[in-house]
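# Results of the structural survey
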Amino acid sequence: MKISKILLSTALLLITVLFSVNQAGATTVEFNMNVEYSGGTEPEGPDPWATATFVDSGSNNVTLTMSAANLVDSEFISVWQFNFDPDLDPDLLEFTLLGEPGSTPDISTGSDAFKAGPDRFYDIEFDFPPPKGNYENKFTTGETVVYDITYTGSEIIDVYSFSFQSTSDKHGGPFYSAAHIQSIGRKGKSGWVGAPTVVPEPVSSTLFIVGGLALGFRRFVKKRKTH
């Protein structure tokens, strides 16, 4: 009877873990904005000063989360730029805002259309207020902006569709993403920051956990039967 109860409990645990893998196992890549490359001023907080995370959230659907978690005081992001698969058309991307962030950007697309300070060029630009919007709605410390992104062309996109470097290798580049941070320090200086690397977050570690649970349970049952 005890073995049966253990079997049931363990089965439920494995089902729960497998469900978590299914929910959290989407492929993820992260860009950490941790290099000031323009000769401007580094933000005063710890790096990465901002983080962009792409997650596969469905067939032909990617969720982008932009976080300004490590900005401090009056610092804010005015422009944030990304690249897109050069074999695809960035003008066929559609963006759907999730939630109600404090700052809502204007979004523009175009192949190599946007220059990021001395580094160039990018295909997608999020233009946060100011200068086009209300100064009170700036994208500042601790805030997060989230978009669902779909592609209206015949091809299927995923997180790696956005994992391309800028076309310039000068000024410490190339970079996967670039952002302009303003109002740094008492004198209100600014700097362009970039992400020189991409950080994948594979689901293999979660699968190892499930495998370990299953192996441990098998050994436990075998040991019980020999006593």
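Coordinates for the structure precede this section.
Quantities reported herein were computed from a predicted structural model and do not represent experimental measurements.

### With respect to the side chain of Asn61
Residue placement: Asn61 occurs in strand β4 (residues 61–67). Among the polar contacts listed, one links the side chain of Asn61 to the side chain of Ser57, at a separation of 2.4 Å. Leave out the neighbours within four places in its chain, and Asn61 touches Val55, Asp56, Asp148, Ile149 and Thr150.

### Examining the sheet that holds strand β1 (residues 28–33)
Overall, antiparallel pairing links the six strands, which are arranged β6-β10-β4-β3-β1-β13 in an open sheet. The sheet terminates laterally at β6 (93–98) and β13 (199–200), the two strands that pair on one side only. Direction of pairing for β1 relative to β13: antiparallel, over a ladder of two bridges. Among the inter-strand pairings, Val29 is bridged to a residue of β13, identified as Pro200.

### Describing the packing of aromatic side chains
Evaluated as defined, the whole model comprises 14 aromatic pairs. Ring centres of Phe84 and Tyr151 lie 5.7 Å apart, and the angle between their planes is 45 degrees; this geometry places the pair in the tilted category. Pair noted here: Phe84 is in the loop between β5 (76–82) and β6 and Tyr151 is in strand β10 (residues 144–151), with a separation of 67 residues, a long-range link. Judged by relative accessible area, Phe84 falls into the buried class, the value being 2%.

### Observations concerning unusual backbone geometry
In this model, Asp47 is joined to Pro48 through a cis peptide bond whose omega is 0 degrees. The omega torsion across Pro129 and Pro130 is -15 degrees, close enough to zero to call that bond cis. Secondary-structure assignment places Pro130 in the loop between β8 (119–127) and β9 (139–140). The backbone phi angle of Asp73 is positive, close to 50 degrees, even though this residue is not glycine.

### Quick look at the nonpolar core
Ranked by internal contacts, the top residues of the largest apolar core, which has 35 residues, are Phe54, Met66, Ile77, Trp80, Phe82, Phe126 and Phe162. Of all elements in the fold, only β1, β3 (50–58), β4, β5, β8, β10 and β11 (177–184) reach the threshold of two or more residues within this core. Discounting residues that sit within four places of it in the chain, Phe126 has contacts with Leu64, Met66, Ser78, Val79, Trp80, Phe82, Phe95, Pro105, Asp106, Ile107 and Tyr147.

Calculation rules
- Position labels on residues start from 1 in each chain and follow its written sequence.
- Where local features are concerned, this predicted model is filtered to residues with pLDDT of at least 70; where side-chain atom pairs are given and counted, the filter is 80 or more; whole-chain, interface and lining totals use all residues.
- As a rule here, side-chain values come from all non-hydrogen atoms in the structure, and water together with hydrogens is ignored.
- A run of DSSP states H or I qualifies as a helix once it reaches four residues; a run of E qualifies as a strand once it reaches two. Both are numbered from the N-terminal end.
- Polar contact criterion, stated in full: a pair of N or O atoms within 3.5 Å, where within protein one must be able to donate a hydrogen and the other to accept it, and residues adjacent in sequence count only if both atoms are side-chain atoms.
- We call two residues in contact when some of their heavy atoms are within 4.5 Å.
- We treat two strands as partners when DSSP finds at least two bridges between them.
- Classification of ring pairs rests on two measures: the distance between centres of Phe, Tyr or Trp rings, Trp counted by its six-membered ring, which must be within 6.5 Å, and the angle between planes, read as stacked under 30 degrees, edge-to-face over 60 and tilted in between.
- Each residue gets one of three labels from its accessible area relative to the maximum for its type: buried under 20%, exposed over 50%, partly exposed in between, using a 1.4 Å probe on protein chains only.
- For our purposes a nonpolar core is just a set of buried Ala, Val, Leu, Ile, Met, Phe, Trp, Tyr and Cys residues, chained together by side-chain atoms within 4.5 Å.

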